[in-house]
Amino acid sequence: MTAEDVSRGSSKEVVHARARNISRKGLCFLSRTPIRLHTKLEIRVGDNPQAALGTVVHCSTALSGYLVGVSFG
């Protein structure tokens, strides 16, 4: 999956990540870099051209990077 920062004034950085779990309300993914709370992300999974818009609600350290929680809507 990819997560692109679409927050106002962002550098439009794209993070390639591995989704840990996903639901209708949000998802959690593993990232190599931390992502600030309240960051707006455009999420794409696989080759699907459609994207979901979400907001980072938590970011915590994990053994191999950071667990990032995103809320949709």
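Check the entry above for the structure.
Throughout what follows, the structure given in this document is the object of discussion. (Residues numbered from 1 in each chain as written. Predicted model: local features only at pLDDT ≥ 70, side-chain atom pairs only at ≥ 80, totals over all residues. Heavy atoms only, no water.)

**With respect to unusual backbone geometry**
Selection criterion: Helix numbering and strand numbering both begin at the N terminus, where a helix is a DSSP run of H or I of at least 4 residues and a strand a DSSP run of E of at least 2. Exposure categories follow from relative accessible area, calculated using a 1.4 Å probe and restricted to protein chains: below 20% of the type maximum is buried, above 50% is exposed, and the middle band is partly exposed.
At His38, a position not held by glycine, the phi torsion is positive, near 70°. You can see His38 is positioned in the loop between β4 (26-31) and β5 (40-44). Using a relative accessible area of 63% as the deciding quantity, one classes His38 as exposed.

**Brief notes about the pattern of salt bridges**
This is how it is decided: Between Lys or Arg on one side and Asp or Glu on the other, a salt bridge is scored when a side-chain nitrogen of the former is within 4 Å of a carboxyl oxygen of the latter.
Taken as a whole and assessed by the stated rule, the structure comprises one salt bridge. In this structure, Arg44 engages Glu42 in a salt bridge whose closest nitrogen and oxygen atoms are separated by 3.2 Å. Using a relative accessible area of 28% as the deciding quantity, one classes Arg44 as partly exposed.

**A short note on the pairing of β5**
Short version of the rule: In this scheme, strands are said to pair when DSSP sees at least two bridges between them.
By the alternation rule, side chains of β5 split into Leu41 and Ile43, which are all buried, and Lys40, Glu42 and Arg44, of which none is buried. Sheet topology note: the β5/strand β6 (residues 52-62) ladder contains four bridges and is antiparallel. The residue bridging Glu42 from the neighbouring strand is Leu53, located in β6.

**Things to note about the side chain of Thr55**
As a reminder of what qualifies: Two N or O atoms form a polar contact when they lie within 3.5 Å of each other; inside protein one atom must be a possible hydrogen donor and the other a possible acceptor, and for residues adjacent in sequence the pair counts only when both atoms belong to side chains. Whether two residues are in contact is decided by their heavy atoms: any pair within 4.5 Å suffices.
For Thr55, the location among the structural elements is in strand β6. A distance of 3.0 Å separates a polar atom in the side chain of Thr55 from a polar atom in the side chain of Lys40. When residues no more than four places from it in sequence are discounted, the contact partners of Thr55 are His38, Thr39, Lys40, Gly69, Val70 and Ser71.

**Things to note about the state of the cysteines**
To be explicit about the condition: Criterion for a disulfide: a pair of cysteine sulfur atoms within 2.5 Å.
Enumeration according to the criterion identifies zero disulfides in this entry. No disulfide involves Cys28; its nearest neighbouring cysteine sulfur is the one of Cys59, lying 9.6 Å away.

**What about the sheet that holds strand β3 (residues 18-22)?**
Filter applied, for reference: Geometry is summarised by axes, namely lines fitted to C-alpha atoms with helices restricted to the contacting stretch, and by angles between N-to-C directions that run from 0 to 180 degrees.
Taken in spatial order, the seven strands line up as β2-β1-β5-β6-β7-β4-β3 in an open sheet, and their pairing is antiparallel. A single partner strand is all that each edge strand has here, and the edge strands are β2 (14-16) and β3. For this sheet the average axis-to-axis angle between neighbouring strands, irrespective of direction, equals 35°. Bridge count between strand β1 (residues 2-5) and β2: three bridges; the pairing is antiparallel. By the bridge assignment, Glu4 is partnered in β2 with Val14.

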